[in-house]
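Summary of structural features
Spelled out from the first residue to the last, the chains are:
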Number of protein chains: 2
Amino acid sequence: MQRYFVKQADLPELFGLPSEIYQHAIVVMRMKKGDCFEVVTTQKQVLLVELVEVTAQTAKVRVLKRFEHQVELPVRVTLACGLPKKDKAEWIVQKGTELGAANFIFFGGEYSVAKWDSKKQPQKVARLQKIAQNAAEQAHRVVTPQVTFAPRLNKIAFNEFDYKVTAYEEAAKQGEKTVLKRLFEALQAAEKGKQKSLIAVFGPEGGLSATEISDLRAQAFELAGLGPRIMRAETAPLYLLAALSFVLELG
Amino acid sequence: MQRYFVKQADLPELFGLPSEIYQHAIVVMRMKKGDCFEVVTTQKQVLLVELVEVTAQTAKVRVLKRFEHQVELPVRVTLACGLPKKDKAEWIVQKGTELGAANFIFFGGEYSVAKWDSKKQPQKVARLQKIAQNAAEQAHRVVTPQVTFAPRLNKIAFNEFDYKVTAYEEAAKQGEKTVLKRLFEALQAAEKGKQKSLIAVFGPEGGLSATEISDLRAQAFELAGLGPRIMRAETAPLYLLAALSFVLELG
């Protein structure tokens, strides 16, 4: 079912559609009186609503049902990815959102071929934010991940996070197999209490530099292997999210 | 390191490069005498070789080291995906290969919008096969997944597989959380013995039809939920592979 996010924290039994939603639901999707869709409030409440009145400019909906979906990962996962080439940032955001990421930070990695100058950067981030929004609606998320940009890895405020991990190809090559499992077990144990946050750092195509790795070590990051196969820069973050979802949501 | 697959089962200490590899290594990658790369035989043996002679048409390499990599998933996973739209088949193959899939079958799903007529089909499959080959080399796999096409789901020879699972959105909606875990535990237990095979069926964008689901039930497929978020047709197969890799290779 179609799903839209609204800026309001709470909504009455009967309310008019914000113009942006009117534009999509009525003009684009051609919904008519009697059609139903879902609305998500800023309080993450999901409302099932029915169109009860449609005019050329406005539309009114009635709330049929209010419910909470448990669709968010129990851990707030921030993916920090070295700026990748071409459209890869776009699909890290789209797929990462489907897989439950809470936030995305793209940083200018030492080995990043792609560069975002300060002029391009705002519209790039805005475009990725839009992709996150669409993916969140399509995946029936109740929160939309935030996308931000950091000129350098060491500009990220790492101390905000409870857990810190980075996917390190060298670790994988050396057959490192236990860090991710221990991390997930810790998160599983912590899950009972208040929600925890995890930041996972991934290099661009060229990987992370020795300096970047030692910066992360200095910030108490764990270096994890993600299995024996070499994954592309855009695939590794999805591996981590899927494995974490399996452990915390199906395990 | 660059890696190439050769048709030979075994190679002597000194051998000439097949023209296809010459074309890429010497012409495209501009490798020179003294440069090293890896060659994988049909016996899955990985050889580290050094270029010892390069002419305008031919190149000779010497074997420096012969070793077995343990980079293949312990279970042979076949992804059977309802024909998706646009270029999604291409990246299911690319990402699925990075994540360790053994084979891909694309089938014409009842709800598939995309159609492959018998004329287009061979070149479509050939293109996907090439993508699988490149991804296998890039991911340092020792086998290249095979890509095939089935006009309909019920044309697939399901009885060849030890384990059968399908991702069913309705199951997920009903909060099904145990099938995948039990399946992976069974595979973990079986792992000790001879290698097992798993087929995982995924619908196209429109999902699987009631008929297709009942066909799969009749074939003793298990219906698994893949967590609380709705994933796109091309994302669900990657979720399964990543979760399986975590359980069998890092768990």
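Since the structure is predicted, the reported quantities are computational estimates derived from the model, not experimental observations. (Residues numbered from 1 in each chain as written. Chains lettered and ligands numbered in written order. Predicted model: local features only at pLDDT ≥ 70, side-chain atom pairs only at ≥ 80, totals over all residues. Heavy atoms only, no water.)

To continue, consider the sheet that holds strand E11 (residues 222–224) of chain A. Residue and element names in this part refer to chain A. One open sheet accounts for 6 strands, arranged E8-E7-E6-E10-E9-E11; its pairing is parallel. The sheet is open, and its two borders are formed by strand E8 (146–150) and E11, each paired with just one other strand. Each neighbouring strand pair of the sheet contributes to a mean axis angle of 25°, computed without reference to strand direction. Taken together, the 5 bridges between strand E6 (residues 76–82) and strand E7 (residues 103–107) define a ladder with parallel strand orientation. Counterpart to Cys 81 in the pairing with E7 is Phe 106. Sitting on the sheet, helix H3 (residues 121–138) is in contact with E7 and E8, with an inclination near 155° to E8. (Pairing = 2+ DSSP bridges. Helix = DSSP H or I, 4+ residues; strand = E, 2+ residues; numbered from the N terminus. Axes fitted to C-alpha atoms, helices over the stretch in contact; angles between N-to-C directions. Contact = heavy atoms within 4.5 Å.)

Notably, His 140 of chain A is not glycine yet its phi reads approximately 60°, a positive angle. Positive phi is not limited to glycine here, since Lys 86 of chain B has a value of about 50°. Structurally, Lys 86 of chain B is set in the loop between strand E6 (76–82) and helix H2 (88–98). Among the residues examined, Lys 86 of chain B registers a relative accessible area of 78% and is labelled exposed. (Buried < 20%, exposed > 50% of the residue type's maximum accessible area, 1.4 Å probe, protein only.)

Before going further, it helps to spend a moment on the packing of helix H7 (residues 236–250) of chain A against helix H7 (residues 236–250) of chain B. For the pair H7 of chain A and H7 of chain B, interaxial distance at closest approach is 8 Å and the crossing angle is 75°. Accordingly, the angle class assigned to the pair H7 of chain A and H7 of chain B is roughly perpendicular. Together, Tyr 239, Ala 242, Ala 243, Ser 245, Phe 246, Val 247 and Leu 250 of chain A of H7 of chain A and Tyr 239, Ala 242, Ala 243, Ser 245, Phe 246, Val 247 and Leu 250 of chain B of H7 of chain B make up the contact between the two elements. Residues that form the contact of H7 of chain A with H7 of chain B fall into these classes: 12 nonpolar, 2 polar and no charged. (Parallel < 35°, antiparallel > 145°, perpendicular 65-115°, else oblique. Nonpolar A, V, L, I, M, F, W, Y, C, P; charged D, E, K, R; others polar.)

All we've got here are geometric facts, nothing functional implied.
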